[in-house]
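# Architecture and fold: a report
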Amino acid sequence: MKRKQQNASDRSTQSPQKGSGFAEVRWTTRVLIGWLNESETDARKRVKTIIERSQAALSGGSEELRALDSEITRYRWRDHAAYKAGNRLFIVQTTDQPEFEEAEAFAVRMVLSLAQEGKVGRLKQCELRTPTQSCSAWFYAEQAKQRFCSTPHQQLFNREKPGAKERNRAYQHDYYHHPVNKKGRRTK
Ligand SMILES: [Zn+2]
């Protein structure tokens, strides 16, 4: 009995529950993001097109679906017995077409499985555009409304967006010249 309890607590420390409701990004998605952010090649262009077409298919009609379909049929997918682990066999879909490298086929499969799970809209490019810096890095948005690849880029955008300095100056002026009274309201 005691031993059982011990085991249960071991398990819970090995796989901690990360804040319920907070999507954990899978390692395969991380690999996909890393690959997308490497230097531009024809393979990456094709995968980016598939991401765009998947997202367009979600908001469009049968025409957009066909456009996506024509992008993915060229891989001529086939099942491939890849490896075994314990009592499980891992059958993955791969391409027989020699012009597509393995990494591209893997990336396309990841995009398509995100599409099937309703998560392809979470693949985004950072929207940071300021007079001094811009970023278009790919990232997986853990929150649907996330627009930047990282917290520093979110903060940089907020600090440098047009009017931010003026608003901040006005706030500072207001703060020093009209101190907050005891009720938490500004004095006139
Ligand atoms: Zn960024």
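Structural data are supplied above this passage.
First, a word on what this report is: a plain description of the structure on this page.

The rules we used
- In this convention, every chain numbers its residues from 1, walking through the sequence in written order.
- Local features in this predicted model are restricted to residues whose pLDDT is 70 or higher, and side-chain atom pairs enter the listing and the counts only when it is 80 or higher, whereas totals over whole chains, interfaces and linings include all residues.
- By definition, a nonpolar core groups buried Ala, Val, Leu, Ile, Met, Phe, Trp, Tyr and Cys residues that are joined through C-beta atoms within 7 Å.
- Remark: C-beta atoms are placed from the backbone, and a residue is labelled buried if 20 or more other C-beta atoms sit within 10 Å of its own, exposed if 12 or fewer do, or partly exposed between those counts.
- Strands here mean DSSP runs of E at least two residues long; helices mean DSSP runs of H or I at least four residues long; both are numbered from the N terminus.
- Note on contacts: residues are paired as contacts if their backbone-placed C-beta atoms lie within 7 Å.
- Lines are fitted to the C-alpha atoms to define the axes, a helix being fitted only along its stretch in contact, and any angle between axes, read from their N-to-C directions, falls within 0 to 180 degrees.
- Reported orientations rely on four angle classes, namely roughly parallel under 35 degrees, roughly antiparallel over 145, roughly perpendicular from 65 to 115, and oblique for the rest.
- By definition, turning the near helix anticlockwise from the far helix through less than a right angle yields a left-handed crossing, and turning it clockwise yields a right-handed one.
- We call Asp, Glu, Lys and Arg charged. Ala, Val, Leu, Ile, Met, Phe, Trp, Tyr, Cys and Pro are nonpolar, and the rest, Gly among them, are polar.
- Here the expected length of a helix is defined as 1.5 Å per residue gap, with one fewer gap than residues.
- In this description, the arc belongs to the directions extending from the helix axis to the C-beta atoms.

## Topic: the nonpolar core
In this structure, Val47, Ile51, Ala107, Val108, Val111, Leu114 and Val120 are the most contacted members of the largest nonpolar core, which totals 14 residues. Those elements that place two or more of their residues in this core are α3 (42-59) and α5 (102-116). Per-element accounting of this core gives the leading share, seven residues, to α5. Excluding anything up to four places from it in sequence, Val108 contacts Val47, Ile50, Ile72 and Tyr75.

## Points about the environment of Gly121
Note on placement: Gly121 falls in the loop between α5 and β3 (123-125). The partly exposed category is assigned to Gly121, around which 15 C-beta atoms lie within 10 Å. Expressed as a C-alpha distance, the spacing of Gly121 and Ala144, which sit 23 residues apart in the sequence, is 8.1 Å. With near-sequence residues (within four places) excluded, Gly121 lies in contact with Gln55 and Leu58.

## Describing the packing of helix α2 (residues 27-36) against α5
In helix packing, the relevant descriptors are the interaxial angle and the interaxial distance, both defined with respect to the helix axes. Relative to each other, α2 and α5 sit at 125 degrees, their axes nearing to 10 Å. Relative to α5, the element α2 lies oblique. By crossing handedness, the relation of α2 to α5 is classed as left-handed. Residues Thr28, Thr29, Leu32 and Trp35 of α2 pack against Ala103, Ala107 and Met110 of α5. Among the residues forming the contact of α2 with α5, the class breakdown is five nonpolar, two polar and no charged.

## Side note on unusual backbone geometry
Negative phi is the rule for most residues except glycine; trans is the rule for most peptide bonds. If you check the backbone angles, Arg76 has positive phi at about 45 degrees while not being a glycine. One can find Arg76 in the loop between α4 (62-73) and β1 (77-85). Residue classification places Arg76 among the exposed positions, given that 11 C-beta atoms sit within 10 Å.

## Comments concerning α3
The first and last C-alpha atoms of α3 sit 26 Å apart over 18 residues, in line with the 26 Å expected at 1.5 Å per residue. Listed as buried for α3 are Val47, Ile50, Ile51, Arg53 and Ser54. With its buried residues spanning 170 degrees around the axis, α3 presents them on a single face. Along α3, the residues that are exposed and aim more than 90 degrees away from the buried face are Asp42, Lys45 and Ser59. Looking at the buried side of α3, the elements it contacts are α2, α4, α5 and β3.

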